[in-house]
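What the coordinates show
So the chains spell out like this:
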Amino acid sequence: MTGVNVKSEIGPLKKVILHRPGKELLNLTPDTLERLLFDDIPFLEIAQQEHDAFAQALRDNGVEVVYLEDLMADVIRDNADLRSQFIEEWLEEADIHTPKWHKLLHEYLDANYADPKALVEKTMEGIHLDELEIDRSNSLIDQVSSPTKMVCDPMPNLYFTRDPFAMVGNGVTIHRMYSVTRNRETMYGKYIFDHHPDFKGTPQYYSRDNAFHIEGGDILNINDHVLAIGISQRTEPDAIDTLAQGIFHDERSSIDTILAFDIPNSRAFMHLDTVFTQIDYDKFTIHPGILGPLTVFELTKGAEGEVKVKRLDSDLETILTKYVGQPVQLLQCGAGDRIAAEREQWNDGSNTLCIEPGKICVYQRNNVTNDFLYKNGLELVVVPSCELSRGRGGPRCMSMPAWREDL
């Protein structure tokens, strides 16, 4: 399977991009948690075991699992110029701007990480000052800095591969992310979709060089004609306008309608997929907080490529029923119990990954929601989640489908 094909959230999943949590999690400290967008420090060994179980569960269900780090390593493996270009760009985005440090770090990476995958993983992990053999005697900042100071920050959020880019039909959106620390992640997507033989040539509907923030957790493929995007803490309305123009100007795209959901701006409702996900032809998991009056904007293609915008004031069930094309059932996180819903929403009880219609991957710890889903006829693929959930993302967040069969 070359290229991408994702025209729904529920079509049988055939290929997915993951990132196995690595040493970047070891470079989280209490003092850097807020800046690096974590609430706690996962135990890496267990997080890796849980992630391996997640990947194996997908394989057991006929899904090809490919890893972000392997794809990026493929890109630079036999191309010295591209490898050097990647290092230079990575250093710039890690805020290494002085010629002395630029040269020193480039030489350090070249000398110690000749293997392309090791290099890629090191760029994800970050670099400590004490890793470098330097004379600190004539530099004030070097002398006052702790040896454990991070010269280049880690990227601990990378195991949530849903966010840096997203598949839309047969195209991709490569994002400008909300925070500086996560925006560096999108560089891997840029290199993969520009150069990897399996993905090169994929239409790109959004560029990481755009000014406005957008993240993949806010993008849901309802069907081959309708795309849903959240206006959220992490995605700006201007980005949705820009993306709409990119999609509507591409004659290869079948999408003619984009629904922009205005969701609460809060950490608990970080992305649209923490509020609801589709799990069957007519079923969605939802957080109760999204029920009630809802503002949604319908974007359609107008004359001469203009984007027409129409405001819809309705409720989630009515809107989804219209655009899905049949009555829908909304299954509440926590089975409607307020306390259970708030607790399990915090651990992504509504953030499920559909493997095929009616079969979904869920976190083990959300037992109230899971029991409720069982009772409503869903088949669950349950994966361990004690450490993975500390990053505040569920199975959908941890996966980027590259290929789904058409419905």
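Everything discussed here concerns the structure shown above.
These remarks concern the structure in this document. It should be emphasised that the depicted structure is a prediction, and the values quoted were computed from it without experimental measurement. Every residue gets a number counted from 1 within its own chain, in the order that chain's sequence is written. Where local features are concerned, this predicted model is filtered to residues with pLDDT of at least 70; where side-chain atom pairs are given and counted, the filter is 80 or more; whole-chain, interface and lining totals use all residues. With hydrogens and water stripped out, all remaining heavy atoms of the structure feed into the side-chain values.

1. As for the sheet that holds strand S9 (residues 226-231)
The test is simple: Between any two strands, at least two bridges found by DSSP are needed for them to pair. Labels follow the DSSP assignment, with helices taken as runs of H or I lasting at least four residues and strands as runs of E lasting at least two, numbered in each case from the N terminus. Lines fitted to C-alpha atoms define the axes here, with helix axes fitted over just the stretch in contact, and angles between the N-to-C directions of these axes take values from 0 to 180 degrees. The contact criterion used is simple: two residues touch if any of their non-hydrogen atoms lie within 4.5 Å.
With mixed pairing, 5 strands are arranged side by side in an open sheet as S8-S9-S10-S13-S14. Each edge of the sheet is formed by a strand with only one pairing partner; in this case those strands are strand S8 (219-221) and strand S14 (307-314). Adjacent strand axes in the sheet meet at a mean angle of 25°, parallel and antiparallel pairs treated alike. Taken strand by strand, helix H10 (residues 316-324) contacts S9, strand S10 (257-262), strand S13 (294-301) and S14, and its axis lies near 170° from that of S10.

2. Comments concerning the nonpolar core
To be explicit about the condition: Residues belong to a common nonpolar core when they are buried Ala, Val, Leu, Ile, Met, Phe, Trp, Tyr or Cys residues joined through side-chain atoms within 4.5 Å. Throughout this description, buried means an accessible area under 20% of the type-specific maximum (1.4 Å probe, protein chains only), exposed means over 50%, and partly exposed covers the range between.
Among the nonpolar cores identified, the biggest contains 64 residues, and Met167, Tyr188 and Ile258 are the most heavily contacted of them. Every residue in contact with Ile258, bar those within four places of it in the chain, is listed here: Leu227, Ile229, Ile240, Ala244, Ile247, Phe248, Phe297, Glu298 and Leu299. Residues Phe38, Phe54, Tyr159 and Phe160 belong to the second largest nonpolar core, which totals 28 residues.

3. Describing the sheet that holds strand S12 (residues 283-286)
Ordered in space as S11-S12-S15, the 3 strands form an open sheet in which the pairing is mixed. Each edge of the open sheet carries a strand with a single partner, namely strand S11 (276-280) and strand S15 (329-332). The average undirected angle you get between the axes of adjacent strands in this sheet is 30°. As judged from the 4 bridges shared by S12 and S15, these two strands associate in the parallel manner. Within S15, the residue paired with Thr285 across the bridge is Leu331.

4. Considerations on H10
Here is the rule we go by: Directions pointing from the helix axis toward each C-beta atom define the arc.
Here H10 has its buried residues at Leu316, Ile319, Leu320, Tyr323 and Val324. Buried residues of H10, seen end-on, are gathered within an arc of 115° and therefore sit on one face of the element. Looking one or two places after H10, you find Gly325, whose phi comes out positive at around 95°.

5. Some thoughts on the pairing of S10
Basically, it comes down to this: Crossover handedness is defined here as right-handed if the route from the first strand over the helix to the second strand goes clockwise, with the strands pointing away from the viewer.
The buried fraction of S10 amounts to 5 of the 6 residues, a majority that puts the element mostly inside the structure. Pairing analysis gives 6 bridges linking S9 to S10, with the strands arranged parallel. Pairing of Ala228 across the sheet is with Leu259, part of S10. Tracing the backbone out of S9, into helix H9 (residues 237-248) and back to the parallel element S10 gives a crossover that is right-handed. Sheet topology note: the S10/S13 ladder contains 5 bridges and is antiparallel. Bridge pairing in S13 places Phe261 opposite Val296.

6. What to know about empty space enclosed by the protein
For clarity, the threshold we go by: Put plainly, a pocket is an open set of points on a 1 Å grid over the protein atoms alone with protein on both sides within 12 Å along at least five of seven lines, a cavity is a set where a 1.4 Å probe fits but cannot get out, and a lining residue has an atom within 4 Å of a point. Grid points are joined across faces, edges and corners, and a volume is the space filled by probe spheres set on the points. Classification used: nonpolar for Ala, Val, Leu, Ile, Met, Phe, Trp, Tyr, Cys and Pro, charged for Asp, Glu, Lys and Arg, polar for all others including Gly.
Overall, the coordinates contain 3 cavities of 30 Å³ or more when judged by the stated rule. Here the largest cavity is characterised by a volume of approximately 90 Å³. For the lining of the largest cavity, a count of residues per class yields 4 nonpolar, 4 polar and 5 charged.

7. What about the packing of aromatic side chains?
Test applied: Between the rings of Phe, Tyr and Trp (Trp by its six-membered ring), a pair exists once the centres lie within 6.5 Å; its type follows the angle of the planes, with under 30 degrees stacked, over 60 edge-to-face, and the other angles tilted.
According to the stated counting rule, one finds 8 aromatic pairs in the structure shown. Ring centres of Phe165 and Phe193 lie 5.5 Å apart, and the angle between their planes is 70°; on these two criteria the pair is classed as edge-to-face. Taken together, the residues span a long stretch of sequence, with Phe165 in strand S5 (residues 165-168) and Phe193 in helix H8 (residues 186-195) at a distance of 28 residues. Phe193 carries the same exposure label as Phe165, and that label is buried. Taken together, the aromatic side chains of Phe86, Tyr188 and Tyr191 make up a single cluster linked through ring pairs.

8. Considerations on the packing of helix H2 (residues 68-76) against H8
Threshold: Here is the rule for angles: anything less than 35 degrees is roughly parallel, anything more than 145 is roughly antiparallel, 65 through 115 is roughly perpendicular, and the remaining ranges are oblique. Handedness of a helix crossing follows the sense of rotation of the near helix relative to the far helix, less than a right angle counterclockwise being left-handed and clockwise being right-handed.
Where H2 contacts H8, the axes come no closer than 9 Å and their chain directions differ by 55°. Overall, the two elements H2 and H8 adopt an arrangement that is oblique. Between H2 and H8 lies a crossing of left-handed hand. Counted together, Leu68, Leu71, Met72 and Val75 of H2 and Tyr188, Tyr191, Ile192 and His195 of H8 form the full contact between these two elements. Its residues placed into classes, the contact of H2 with H8 shows 7 nonpolar, 1 polar and no charged.

9. Regarding the packing of helix H11 (residues 338-346) against helix H12 (residues 367-375)
H12 packs onto H11 with a crossing angle of 105° between their chain directions and a minimal axis gap of 9 Å. Regarding the angle of H11 to H12, the classification is roughly perpendicular. Along its contact with H11, which presents Ala340, Arg343 and Glu344, the element H12 presents Asn367, Val368 and Thr369. The residue makeup of the contact of H11 with H12, split by class, is 2 nonpolar, 2 polar and 2 charged.

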